[in-house]
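Observations on chain architecture
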Amino acid sequence: MSILVRPSRFPWPPFILVLCGAAAIGLGLFIPLVWVPSPIKELLDLFGFMLVSVAVIIEISAMVALRKAKTTILPNKGSVKLVTSGPFSFTRNPIYFGNVVLLFGLGLLFENLWFWPLALTCGALTQRLAILREEAHLQAKFPAAFLAYKKKVRRWI
């Protein structure tokens, strides 16, 4: 199927998110990394909660913006409209950015440092397997508008 119709046949981003989260949990169980003692631990817990909250807010607001525009939130479906408002005004990929922030926050909450390198892995794999194809799809469907959007808004932050 043409990239003009849809960017991918498989919804990579949620799969990558779950895979990286599960890998972090598994590694944390079998090869635990040293964690910090109190009172710093409590501060890190609070920061982790804040990161998770910010990630969820960004992701939900991005999904709401996509729904309002009546275009798909599914990463393997074709877009019918280029959304540039809401969280899409500060990152071209707010849901994927939120996924990475979520993993960092979960690492703090679960006291599992494996989440951190796997958050970066999640971002790199998402860019390679989804973002590049999605951007090619958007460039093909909305050539002038997407080019102007790319000049104004960064891919991540």
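Residues numbered from 1 in each chain as written. Predicted model: local features only at pLDDT ≥ 70, side-chain atom pairs only at ≥ 80, totals over all residues. Heavy atoms only, no water.

**Observations concerning the packing of helix H2 (residues 40-68) against helix H3 (residues 94-109)**
Direction vectors running N to C along H2 and H3 enclose 160°, while the axes themselves pass 8 Å from each other. When the interaxial angle is binned, H2 and H3 end up roughly antiparallel. Of the two possible hands of crossing, H2 and H3 adopt the one that is left-handed. For the contact of H2 with H3, the per-class residue count stands at 19 nonpolar, four polar and two charged. (Axes fitted to C-alpha atoms, helices over the stretch in contact; angles between N-to-C directions. Helix = DSSP H or I, 4+ residues; strand = E, 2+ residues; numbered from the N terminus. Parallel < 35°, antiparallel > 145°, perpendicular 65-115°, else oblique. Left-handed = near helix turned anticlockwise from the far one by under 90°. Nonpolar A, V, L, I, M, F, W, Y, C, P; charged D, E, K, R; others polar.)

**Section: the pattern of salt bridges**
A full pass over the atoms with the stated rule returns four salt bridges. Ionic pairing is found between Asp45 and Lys41, a salt bridge with its closest N-O pair at 2.6 Å. Highlighted residues: Asp45 and Lys41, both in helix H2, separated by four residues, approximately one helical turn. Taking the shortest distance from any N to any O, the salt bridge between Arg92 and Glu135 comes out at 2.7 Å. Of this pair, Arg92 sits in the loop between H2 and H3 while Glu135 sits in helix H4 (residues 115-141), and the two are 43 residues apart along the sequence. In this structure Arg92 comes out as buried when scored by relative accessible area, which is 13%. In this structure, a network of salt bridges that share partners links the residues Lys41, Asp45 and Glu111. (Salt bridge = Lys/Arg side-chain N within 4 Å of Asp/Glu carboxyl O. Buried < 20%, exposed > 50% of the residue type's maximum accessible area, 1.4 Å probe, protein only.)

**A word on unusual backbone geometry**
Between Ser38 and Pro39 the backbone carries a cis peptide bond, its omega angle lying at 0°. Within the secondary structure, Pro39 sits in the loop between helix H1 (12-30) and H2. Positive phi, normally seen in glycine, also occurs at Glu111, with a value near 55°. Here Glu111 lies in the loop between H3 and H4.

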